[in-house]
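Spelled out, the chains give:
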Amino acid sequence: MLETVLFLIFAAICVGGAINLVAQRHPISSALSLIVVMGSLAMVYLLLGAEFVAAVQIIIYAGAIMVLFVFVIMLLNAGEEERSATGSRVAMVLGVPGLLAAAVTTGWVLTRHGIASTPVVIGEFHGTAHAIGRLLFHEFLLPFEVTSVLILIAIMGAVVLARRGE
Amino acid sequence: MVPLSWYLLLSAFLFASGVAGFLIRRNIITIFMSIELMLNGVNLAFIAFATVRHSLNGNVFVFFVMVVAAAEAAVGLAIIIAVYRTRETLNVDRVNLLKL
Amino acid sequence: MTLWLIPLLPLAGAAINGLFGRRFSRKLVATIALAFTAASFLWALVIASRFLSGGQVPIADHVATWLQIGDFRIEYGFLVDQLSMVMMLVVTGVGFLIHIYSVAYMEHEGGYYRYFSYLNLFMFFMLTLVLANNYLLMFVGWEGVGLASYLLIGFFFRRDSAANAGKKAFITNRIGDFGFLIALFLLVKNFGTLQFADLFDKVAKYSPGAEVGVGLLTAIALLMLMGATGKSAQIPLYVWLPDAMEGPTPVSALIHAATMVTAGVYMICRSNAIFSRAPIALTVVAIIGTLTAFFAATIGITQTDIKRVLAYSTVSQLGYMFMAAGVAAYSAAIFHLMTHAFFKGLLFLGAGSVIHGVGGEQDMRKMGGLKKYMPWTFWTMFAATCAISGIPFFAGFYSKDEILWQAFSSPHGSWIYWLVGVITAFMTSFYMFRLLFMTFTGEYRGTIEPAHAGHGSHDDHGHHGTPHESPWMMLGPLVILGILSVVGGYVGVGHRFENFLAPVTPSVLTEPQTAGLAASEAAALPAQQPEPASENSGLEDELMAISILCAFSGLGLAWFLYVKRRDLPDKIADSLGGLYTTVLNKYYVDQIYGAAIIRPLINGSRAILWRGIDAGAIDGTLNASAKGAQETGGVFRRLQSGNIRSYAGWVAAGAAVVVIYMVWMGTR
């Protein structure tokens with residue numbers, strides 16, 4: 001009962017934030033709505049028992065990545081979005097409707113399928129840091145190491161790209 | 001009890017909004033943020049299924065997704081800064097030197 | 001037995017002269033050409049003597065295998081049997097004499113080495129043709145002599161008329177060769193081999209009278225006939241021979257009198273196994289031969305160019321040979337072929353001597369009275385004219401008479417052939433003596449042209465003051481051929497020639513079933529002598545008397561019109577008016593061909609094949625496909641719009657398709 005209510009509240013906040021992100025004209029407003037979406041998503045993760053991921057979501061996603069976004073927006077002095085004459089017919093005609101069709105189909109299918117109606121019960125299952133850590137360093141060791149290399153490359157790339165040209 | 005389908009519908013909605021924003025918006029930073037929204041939607045789906053199946057692989061994968069998102073955001077924003085410096089605009093329609 | 005030396009020696013001469021002759025002196029070029037030709041002739045004599053002394057067993061020489069495809073086999077092989085022995089000796093002998101003649105005749109012409117190279121090349125191909133032991137190698141020679149003929153007719157290539165004549169000869173030959181080739185295809189398909197020995201054995205197994213067999217053989221024979229009419233200048237493909245007189249006169253003597261044009265006759269006689277089993281084809285051959293003989297003789301009466309008269313005379317005499325072949329008297333045809341080589345070769349060489357003597361003039365109306373200037377030429381040409389007219393005791397009399405007799409009496413013959421042949425003999429005698437009298441008797445009507453600087457026109461040798469006799473190098477061959485024109489006929493007296501050739505060309509009176517038996521078996525048969533019942537030989541004598549009468553009356557009429565009353569011919573020509581003009585213009589056949597066949601062909605090609613198909617369809621398809629690729633590219637180019645949002649749109653659309661597909665597959 002409580003679960004359902006909590007879920008509905010946070011889901012509503014998510015939805016609102018998402019719509020707001022798409023609808024707002026100033027990028028800073030979009031950034032803030034995105035933070036809201038991420039926060040409420042963290043809550044939803046908690047409802048699903050993924051403690052570690054929820055924490056990481058707040059710390060990394062909302063706390064670091066979005067901050068980076070806000071930094072860049074302010075650095076570039078991004079203003080309100082101007083009206084541009086040139087749109088893209090393809091995007092409007094094919095992309096959005098196509099995507100809507102995909103989403104609707106997926107949604108329809110998902111709600112009909114048997115497994116989709118199983119209630120999500122956490123029970124004794126928790127995504128604790130301990131358990132995830134164990135997985136990371138045992139089965140997923142290689143991907144883990146590779147991602148560290150990836151981050152290194154990203155750092156170097158970002159530094160090189162953002163340098164002022166000589 | 002919340003059925004799995006609700007979680008999945010929420011995930012689908014977030015993803016769809018991300019794509020819509022990606023296609024509709026003109027500011028390049030906003031487009032980037034729509035991409036992040038998409039990734040979040042996908043993360044939700046992973047976690048939901050992980051819980052239903054009682055497998056922590058989903059959580060680990062979400063972890064990796066976040067790492068990649070972080071790297072991607074860093075590099076992408078660096079690119080945006082570089083483009084801004086040369087083209088003086090954040091309007092994605094203006095970055096069209098390859099136009100016919 | 002190294003038979004292959006006989007064709008290959010002239011080829012070596014041609015190669016040496018062709019490749020290096022430019023740097024040689026004239027003497028060296030001539031020596032090389034004569035040496036190789038003489039060597040070939042001598043070797044041919046050696047082979048012939050071995051053949052005759054060895055019991056006349058055919059000599060074969062299998063040099064190498066050319067093609068082997070499953071059971072089908074063609075080899076480079078040569079064969080000397082009675083028929084090819086005769087041809088080989090004629091070709092090498094007369095060819096050698098003409099080479100000697102050419103040395104002096106072409107003395108002042110340019111392109112000396114080229115001439116001898118081509119002449120030797122011609123000898124090579126002709127010898128390949130007559131010595132081959134299968135149809136394909138014969139066809140190689142067949143085509144090759146056509147090539148050599150083209151090269152030599154167009155020898156003075158700077159002259160438009162010569163170049164056109166060469167082209168005309170080659171193209172007309174090709175039309176005939178097309179028929180020959182189809183005949184070869186039919187032979188391969190139905191009998192699986194082109195080697196003479198195997199092929200004729202298989203053909204013999206077709207029983208005469210079987211419907212399928214006869215139809216096929218008739219078709220093959222008619223197609224071969226098409227090839228023969230092209231090569232041997234019969235109706236309808238004779239039009240190239242008169243124009244071929246543009247070439248040097250020795251060429252006319254060798255190629256268009258003695259050897260190349262007889263290839264058709266040789267081919268028919270070699271294929272007698274096929275022709276004898278296709279009576280319809282034989283009739284066609286005879287009709288064509290008779291018609292051509294008559295037709296060409298009528299034209300020959302009116303011509304004024306000395307070489308043209310001889311050209312039409314050649315066509316007419318070839319008609320006689322075809323007539324003989326058409327009544328299955330193959331040995332008579334070959335006999336006439338041999339004597340014709342002698343006297344026609346002599347006539348052409350003599351004409352060349354005359355032309356040389358009067359400084360390049362070829363119009364008989366401008367000649368006359370040359371007897372006192374060129375006695376040797378006159379007497380040798382007189383001998384040849386008697387031979388061709390059928391005056392008794394000269395060579396031509398025996399061979400022509402044999403043909404006329406066979407035309408009358410053979411089972412395939414008919415009195416119509418004989419009648420037309422006799423009338424033609426009268427005309428032949430008339431126009432040949434007309435030529436002789438116009439050229440050599442009376443007063444000289446021409447003017448010697450002053451010396452020309454270049455060597456463009458005809459065979460111009462004029463820088464002598466008065467008509468004069470030719471040098472000995474030219475007269476020698478004339479004399480030898482003159483002797484042969486007199487005595488050459490004696491080999492055919494009685495039925496000696498016919499019996500000699502019998503193993504290869506069965507006598508017309510033997511049953512066709514024996515044809516195709518191996519030579520040894522046929523020889524073992526008791527010689528089936530024709531029934532020379534006394535009344536038969538009496539009839540033969542009567543017919544002989546009639547033809548002798550015709551020969552002399554032709555001579556008489558010519559003497560009357562051209563010696564006694566020289567004013568009469570023009571009056572007769574005027575009174576005949578339109579008919580005369582038509583005959584003089586060769587019945588306008590060339591113009592008819594031009595209008596009916598050539599011009600529609602060219603216009604059709606231009607309009608349909610060139611503009612319609614080549615430029616329109618083929619080029620059009622190519623251009624259209626290129627344009628189509630361009631336009632498709634143009635459409636796809638819009639994908640790369642440079643607009644980031646359209647890229648995003650495409651990605652989203654693609655992703656949507658993939659997702660829908662996967663979901664749909666998941667629900668199945």
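Keep in mind that what you see is a predicted model, and the values were worked out from it rather than measured. All residue numbers refer to position in the chain's written sequence, counted from 1. Chain letters start at A and ligand numbers start at 1, both assigned in the order the entries are written. Predicted model: local features are reported for residues with pLDDT of at least 70 only, side-chain atom pairs are reported and counted for 80 or more only, and whole-chain, interface and lining totals are derived from all residues.

## Describing the overall build of chain A
Quick reminder of the rule: A run of H or I in DSSP becomes a helix once it reaches four residues, and a run of E becomes a strand once it reaches two; helices and strands are each numbered from the N terminus. Backbone-placed C-beta atoms define the burial measure: a residue is buried with 20 or more other C-beta atoms within 10 Å of its own, exposed with 12 or fewer, and partly exposed in between. Here the contact rule is simple: place C-beta atoms from the backbone, and any two residues whose C-beta atoms are within 7 Å are in contact.
The helix and strand inventory of chain A stands at six helices and zero strands. When the helices and strands of chain A are listed from N to C terminus, the series reads α-α-α-α-α-α. A total of 166 residues make up chain A; the buried ones form 31% of that total. Long-range contacts, defined here as pairs at least 24 residues apart, represent 58% of the contacts in chain A between residues at least 6 apart.

## Examining the overall build of chain C
Across its full length, chain C holds 26 helices and two strands. A buried classification covers 51% of the 668 residues belonging to chain C. For chain C, long-range pairs separated by at least 24 residues make up 79% of all intrachain contacts whose partners lie at least 6 apart in sequence.

## As for the interface of chain C and chain A
Many analyses report the size of an interface as the accessible area lost when the parts associate. To keep things clear, this is the line we draw: Under the scheme applied here, ten amino acids are nonpolar (Ala, Val, Leu, Ile, Met, Phe, Trp, Tyr, Cys and Pro), four are charged (Asp, Glu, Lys and Arg), and all others, including Gly, are polar.
Counting from both sides, the interface comprises 13 residues of chain C and, opposite them, 14 residues of chain A. Its residues assigned to classes, the side of chain C that touches chain A comprises eight nonpolar, four polar and one charged.

## Some points on the nonpolar core
Heads up, the condition is: By definition, a nonpolar core groups buried Ala, Val, Leu, Ile, Met, Phe, Trp, Tyr and Cys residues that are joined through C-beta atoms within 7 Å.
Counting 204 residues, the largest nonpolar core has F122 and A333 of chain C as its most contacted members. Among the elements that make up this core, the one with the highest residue count is helix α15 (residues 330-357) of chain C (17 residues). Other than its neighbours up to four places away in sequence, A333 of chain C contacts V265, C269, M321, A324 and A325 of chain C. Judged by nonpolar contacts, the second largest core, of 82 residues, contains Y61 and A103 of chain A together with V2 and L4 of chain B.

## Description of unusual backbone geometry
Residue and element names in this part refer to chain C. Backbone torsion omega between I235 and P236 reads 0 degrees, so that peptide bond is classified as cis. Note on placement: P236 falls in the loop between α8 (211-231) and α9 (240-243). Not every positive phi belongs to a glycine, and A328 is a case in point at roughly 65 degrees. You can see A328 is positioned in the loop between α14 (306-326) and α15. A count of 29 C-beta atoms within 10 Å places A328 in the buried class.

## What about the packing of helix α16 (residues 375-389) of chain C against helix α19 (residues 472-487) of chain C?
Residue and element names in this part refer to chain C. Under the convention used in this document: Each axis is a line fitted through C-alpha atoms, taken for helices only over the stretch in contact, and angles between the N-to-C directions span 0 to 180 degrees. Roughly parallel means an angle under 35 degrees; roughly antiparallel, over 145; roughly perpendicular, 65 to 115; everything else is oblique. The handedness criterion is simple: a crossing whose near helix is rotated anticlockwise from the far helix by less than a right angle is left-handed, and one whose near helix is rotated clockwise is right-handed.
Contact geometry for α16 and α19: axes closest at 9 Å, N-to-C directions at 30 degrees. With respect to α19, the element α16 is oriented roughly parallel. The two elements α16 and α19 cross, and the hand of that crossing is left-handed. In contact with W376, T377, T380, A383, A384 and A387 of α16, α19 contributes L475, L478, V479, G482, S485 and V486. Classifying every residue of the contact of α16 with α19 gives eight nonpolar, four polar and no charged.

## So, α16 of chain C
Residues and elements named next belong to chain C. To keep it simple, the criterion reads: Multiplying one less than the number of residues by 1.5 Å gives the expected span of a helix.
Its 15 residues place the ends of α16 21 Å apart at the C-alpha level, agreeing with the 21 Å of an ideal helix rising 1.5 Å per residue. Burial runs high along α16: 11 of the 15 residues are buried. Along α16, the residues classified as buried are T377, F378, T380, M381, A383, A384, T385, C386, A387, I388 and S389. Positive backbone phi, at 85 degrees, marks G390, one or two positions downstream of α16.

## Overview of helix α3 (residues 57-87) of chain B
Along its 31 residues, α3 of chain B runs 43 Å from first to last C-alpha, staying within 8% of the 45 Å computed at 1.5 Å per residue. Residue E88 of chain B follows α3 of chain B closely and has a positive phi angle near 60 degrees.

## What to know about the interface of chain A and chain B
Taken residue by residue, the interface counts 73 residues in chain A and 58 residues in chain B. When residues of the side of chain A that touches chain B are traced back to their parent elements, those giving at least two are α1 (2-23), α2 (27-47), α3 (51-75), α4 (89-112), α5 (129-138) and α6 (141-162) of chain A. The greatest single-element share of the side of chain A that touches chain B, amounting to 11 residues, is contributed by α3 of chain A. Classifying every residue of the side of chain A that touches chain B by side-chain character gives 56 nonpolar, 14 polar and three charged.

## Concerning the confidence of the model for chain C
Residues and elements named next belong to chain C. Quick note on the threshold: The pLDDT value expresses, per residue, how confident the predictor is, ranging between 0 and 100.
Per-chain confidence: chain C averages 82 in pLDDT, with 90% of residues scoring 70 or above. pLDDT under 50 marks residues 449-463. Its contacts with residues more than four places away, or in other chains, come to 29 contacts. In this model, residues 508-535 is a region of pLDDT below 50 whose contacts with residues beyond four sequence positions or in other chains number 31 contacts. Quick note on the complex model: pTM equals 0.68, ipTM equals 0.91.

## Here's the deal with the packing of helix α13 (residues 279-302) of chain C against helix α18 (residues 415-440) of chain C
All names here are of chain C. At a closest axis distance of 9 Å, the pairing of α13 and α18 adopts a crossing angle of 25 degrees. Regarding the angle of α13 to α18, the classification is roughly parallel. For the pair α13 and α18, the sense of crossing is left-handed. On the side of α13, the interface is formed by A286, T290, A293, F294, A297, T298, G300 and I301, while α18 contributes Y417, V420, G421, I423, T424, M427, T428, F430 and Y431. Class assignment of the residues belonging to the contact of α13 with α18 gives a composition of 11 nonpolar, six polar and no charged.

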